[in-house]
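# Structural features, examined
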Amino acid sequence: MPPRDPQNAVVLDRVDHHDDLATFRIAYRDGRPPQFKPGQYATLGLHGPPPGDGKPAKLIRRMYSVASSPVDHEHVSFYIVQVDQGALTPSLFDLKPGDTLFMAERFGGHFTLDPVPPDHHVVCVGTGTGLAPFRAMYLTHNNDTPKRWNRFVLLDGCRTAADLAYHDELQDAAAADPDFTYLPTVTREPPDSGYAGHRGRVTDLLKPDVFPDLAGFSLDPANTSVLLCGNPAMIDQVEAELTGAGFATHSKKNPEGTLHFERYW
């Protein structure tokens, strides 16, 4: 069923991190604040080209995780990479501030901190724009009293340093918050670029002989919840390695599991 108003939202502004990576700040046109939990997604949409048979153009819709906090905001941010052959992102990247689009009335998804015990360490592993839900979680709960977690560790895996769009923000947050550790890593950064951070796959940072030195604690399902978002190959690898180390995947049948994930494709 088509939405009542296919242009119910507006682009407030956008930040282009590079040609194919941007953050869009979007609000409902009537000014009401979006209602969602950090980690959830929204469906965005734009009309495609007319089919040429007299029928109206189809509204093309896709789901994107929110990268901002719902606290005290009347807008939402989306961290989006342009896919050249994608059905929607090339059109999204044509939008400028003031342009309208569709944003669903209801946000969805169960990839939230709800099932995570509040006394656990929270380890978030994101690749590319899979960082978005973890940024939303941290921004929402980093000042909670009592604290929403013991330690919060964010692993951010990208191809190049230019893809680490929130690097400076998160690095500054980690410097100010002793309970937050930010661990970016890149796989295709030129060796002479001047980038001084970690290199290699994000999964390398989870190795038992590496992670404790970086995070200050070991991965233990008794006191640690691990959340994964991004490349399915990364998720499959981490799930296999951590279940072999005693973790169990969270599900309706196993609500006590401390390994949670959301696939982007």
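Look up a bit, the structure's there.
The following refers to the structure shown. No experiment lies behind these values; they were computed from the predicted model shown.

Before going further, it helps to spend a moment on helix α2 (residues 132-141). Counted residue by residue, α2 has 9 buried out of 10 residues, so it is predominantly covered. Residues Ala132, Pro133, Phe134, Arg135, Ala136, Met137, Tyr138, Thr140 and His141 constitute the buried set of α2.

Turning our eyes to something else, we now look at the sheet that holds strand β5 (residues 76-81). With antiparallel pairing, the 6 strands of this open sheet are ordered in space as β4-β3-β6-β1-β2-β5. Across the chains shown, the open sheet's two edge strands, defined by having one partner strand only, are β4 (59-65) and β5. Each strand axis lies, on average, 40 degrees off the axis of its neighbour in the sheet, ignoring direction.

Our next topic: the pairing of strand β8 (residues 152-158). Within a regular strand, side chains alternate between the sheet's two faces. Of all 7 residues that make up β8, 7 are buried, and the element is covered over most of its length. Of the two faces of β8, the one lined by Phe152, Leu154, Asp156 and Cys158 and the one lined by Val153, Leu155 and Gly157 are each fully buried. As defined by bridge partners, β8 adjoins strand β9 (residues 180-186) across 7 bridges and the pair is classed as parallel. Bridge pairing in β9 places leucine 154 opposite tyrosine 182. For the handedness criterion, the β-α-β arrangement of β8, helix α3 (residues 167-176) and β9 is classed as right-handed.

What counts and how
Per chain, the residues get numbers from 1 upward, laid out in the order the sequence is written. Local features in a predicted model are, by the rule used here, given only for residues with pLDDT of at least 70; side-chain atom pairs are given and counted only at 80 or more, and totals for whole chains, interfaces and linings are based on all residues. Excluded from the side-chain calculations are hydrogens and water; all other atoms, namely the structure's heavy atoms, are used. Think of it in three bands: with a 1.4 Å probe and only protein chains considered, a residue is buried below 20% of the maximum accessible area for its type, exposed above 50%, and partly exposed in between. A run of DSSP states H or I qualifies as a helix once it reaches four residues; a run of E qualifies as a strand once it reaches two. Both are numbered from the N-terminal end. Two strands qualify as a pair provided DSSP detects at least 2 bridges between them. Between the N-to-C directions of two axes lies an angle of 0 to 180 degrees, each axis being a line fitted to C-alpha atoms and, for a helix, fitted only over the stretch in contact. A clockwise course of the path from the first strand over the helix to the second, judged with the strands pointing away from the viewer, identifies a crossover as right-handed.

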